[in-house]
Each structure stands twice: as C-alpha cells, then as structure tokens.
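Examination of the molecular architecture
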Amino acid sequence: QVQLVESGGGLVQAGGSLRLSCAASGRTISSYIMAWFRQAPGKEREFVAGISRSASITTYSDSLKGRFTISRDNAKNTVSLRMSSLKPEDTAVYYCAADGRGLRPTITLQQYDYWGQGTQVTVSS
C-alpha cells in the first residue's frame, strides 16, 4: 500500500503560479502511474494530469494543457504539479492519485487505487 500526502497549495492571485508536491510512503512510486485530479465546490472530481511510471508519457486535461506540468522523481518518491497562469476557475482541492494496474495514465477516476487527502488551491481575481 502507498500513502500519499499533498502539499504546496494556498492562495494566489490570478496569473500567478504554484507548485504542488505529492510525497509517497509505504512503497516506491516507480510501481505506479501517478496523476493529479481536482475537485471544485459542487463539482465532480476531474482529471488534471497523469504521468507514466518512467515519466515517458504525460497526459493532460485538454483545458489545462500548456499551463500545467506534471513531473516525478522516483528516487525521491515524489510527484509534482507546476501550475502557471492560474485562473479563478482553477480554484479547487487538488488530489494526488496512484494507479498500480494500468499501462498508461488515464482520466478515469476509478482506475486509481490510492489517493491523498488533498490540498486547497484558491485563485483570487
């Protein structure tokens, strides 16, 4: 089993940047496809970005491509999400997730076996 803890969230002005981190423990993340999801108030949890075990494949939500960058450091057991040009509509709780079964990142929430507790990102206008 793997435990995931997100950090780096906070309050930022529109146009600003944030870097979220996800620290894993219990098992090495090299065995997992990793992803970030987000959930805004009153909305369903949605896929943000995913990265394959070797980081050779990255996948992004079409609406976020170009502003967000996912990366991983298997040696440090961490996954990061760099967010730039933030907009008020990016306000949400951001979750880190791990998929131990798949072959490539998927947007399907149910594919992910492990989840962090989330970190709040608030973008002010």
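Above this text is the structure in question.
Keep in mind it's a predicted model, so treat the numbers as computed, not measured.

Cut-off values and rules
- Residues numbered from 1 in each chain as written.
- Predicted model: local features only at pLDDT ≥ 70, side-chain atom pairs only at ≥ 80, totals over all residues.
- Heavy atoms only, no water.
- Salt bridge = Lys/Arg side-chain N within 4 Å of Asp/Glu carboxyl O.
- Helix = DSSP H or I, 4+ residues; strand = E, 2+ residues; numbered from the N terminus.
- Buried < 20%, exposed > 50% of the residue type's maximum accessible area, 1.4 Å probe, protein only.
- Disulfide = S-S within 2.5 Å.
- Pairing = 2+ DSSP bridges.
- Axes fitted to C-alpha atoms, helices over the stretch in contact; angles between N-to-C directions.

Before going further, it helps to spend a moment on the pattern of salt bridges. Applying the stated criterion across every chain yields a total of 4 salt bridges. One salt bridge in this structure joins aspartate 90 and arginine 67, with 2.8 Å as the shortest N-O distance. Of this pair, aspartate 90 sits in the loop between strand E8 (78–83) and strand E9 (92–99) while arginine 67 sits in the loop between strand E6 (58–60) and strand E7 (68–73); the two residues are 23 residues apart in sequence, bridging distant segments of the chain. An identical accessibility class is assigned to aspartate 90 and arginine 67; each is buried. Linked by salt bridges that have partners in common, Arg38, Glu46, Arg67 and Asp90 make up one network.

Per the stated rule, a full pass over the model turns up 1 disulfide. Put simply, cysteine 22 and cysteine 96 are joined by a disulfide, and their sulfur atoms are 2.1 Å apart. Looking down the S-S bond of the cysteine 22 and cysteine 96 bridge, the torsion is -80°, so its handedness is left-handed. In this pair, cysteine 22 is assigned in strand E3 (residues 18–25) and cysteine 96 in strand E9, connecting sequence segments 74 residues apart.

Next up on the list: the sheet that holds strand E1 (residues 3–7). Taken in spatial order, the 4 strands make up an open sheet running E1-E3-E8-E7, and their pairing is antiparallel. Edge positions in the sheet fall to E1 and E7, since each has one partner strand and no second. Strand-to-strand, the axes of this sheet are offset by a mean angle of 15°, without reference to chain direction. Sheet analysis places E7 next to E8, joined by 6 bridges and oriented antiparallel. Looking at E8, one finds that serine 71 is bridged to serine 80.

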